[in-house]
Amino acid sequence: MPDEDLIELKFRLYDGTDIGPIRYSASSTVAMLKERIISEWPRDKKIIPKVANDVKLISAGKVLENNTTIAQCRSPFGELPSGVVTMHVVVQPSLTKTKTEKKVDKLPKKSACCCSIL
């Protein structure tokens, strides 16, 4: 694999710590990056993602889709020679989503009444 096809990335976690920098192929997908992040996630953190869908990657202010390649999501200012591109990692565990859904279900249901005058 030629050296030009490799992009050096580091991932900034919610508490300011980093994973990386690590060199990836430009054809690597965001889903592949998420799997790598999960496998290298520090175990001493309070929040630990379980699956790739628990992780959101943000680069240049955009949330990256799983099927996007690194080459497609590179920003123009990320093309500095020997520069490391920083992507931000947001963790949204699936458990939080189910708790939110339960709260919606527990809200009192409004009964609708209607009157008909004949």
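Refer to the structure above for everything that follows.
As the structure is a computational prediction, the values presented were derived from the model and not from experiment.

> Mind showing me how you'd approach the pattern of salt bridges here?
Proximity of charged atoms lets side chains of opposite charge pair with each other. In total, this model carries four salt bridges according to the counting rule given. Measuring nitrogen to oxygen at the nearest pair gives 3.7 Å for the salt bridge that ties Asp-18 to Lys-10. With a relative accessible area of 33%, Asp-18 lands in the partly exposed category. Residue Lys-45 is joined to Asp-15 by a salt bridge in which the shortest nitrogen-to-oxygen separation is 2.5 Å. Taken together, the residues span a long stretch of sequence, with Lys-45 in the loop between helix 1 (30-40) and strand 3 (55-59) and Asp-15 in the loop between strand 1 (6-12) and strand 2 (18-25) at a distance of 30 residues. Residue Lys-45 is classed as buried on the basis of its relative accessible area of 14%. Residue Asp-15 is classed as partly exposed on the basis of its relative accessible area, which comes to 39%. Here the salt bridges do not stand alone but share partners, grouping Lys-10, Arg-12 and Asp-18 into one network.

> Teacher, can you tell me more about the pairing of strand 1 here?
Walk down a regular strand and you will see the side chains alternate between the two sheet faces. Alternating positions in strand 1 separate cleanly, Ile-7, Leu-9 and Phe-11 being buried on one face and Leu-6, Glu-8, Lys-10 and Arg-12 remaining unburied on the opposite face. Inspection of the sheet shows strand 1 paired to strand 2 by six bridges, in the antiparallel sense. Within the sheet, the bridge partner assigned to Ile-7 lies in strand 2 and is Tyr-24. Connecting strand 1 to the next strand, strand 2, in antiparallel fashion are five residues, including Gly-16 with a positive phi near 95°. Bridge count between strand 1 and strand 5 (residues 85-91): four bridges; the pairing is parallel.

Parameters and conventions
Residues numbered from 1 in each chain as written. Predicted model: local features only at pLDDT ≥ 70, side-chain atom pairs only at ≥ 80, totals over all residues. Heavy atoms only, no water. Salt bridge = Lys/Arg side-chain N within 4 Å of Asp/Glu carboxyl O. Buried < 20%, exposed > 50% of the residue type's maximum accessible area, 1.4 Å probe, protein only. Helix = DSSP H or I, 4+ residues; strand = E, 2+ residues; numbered from the N terminus. Pairing = 2+ DSSP bridges.

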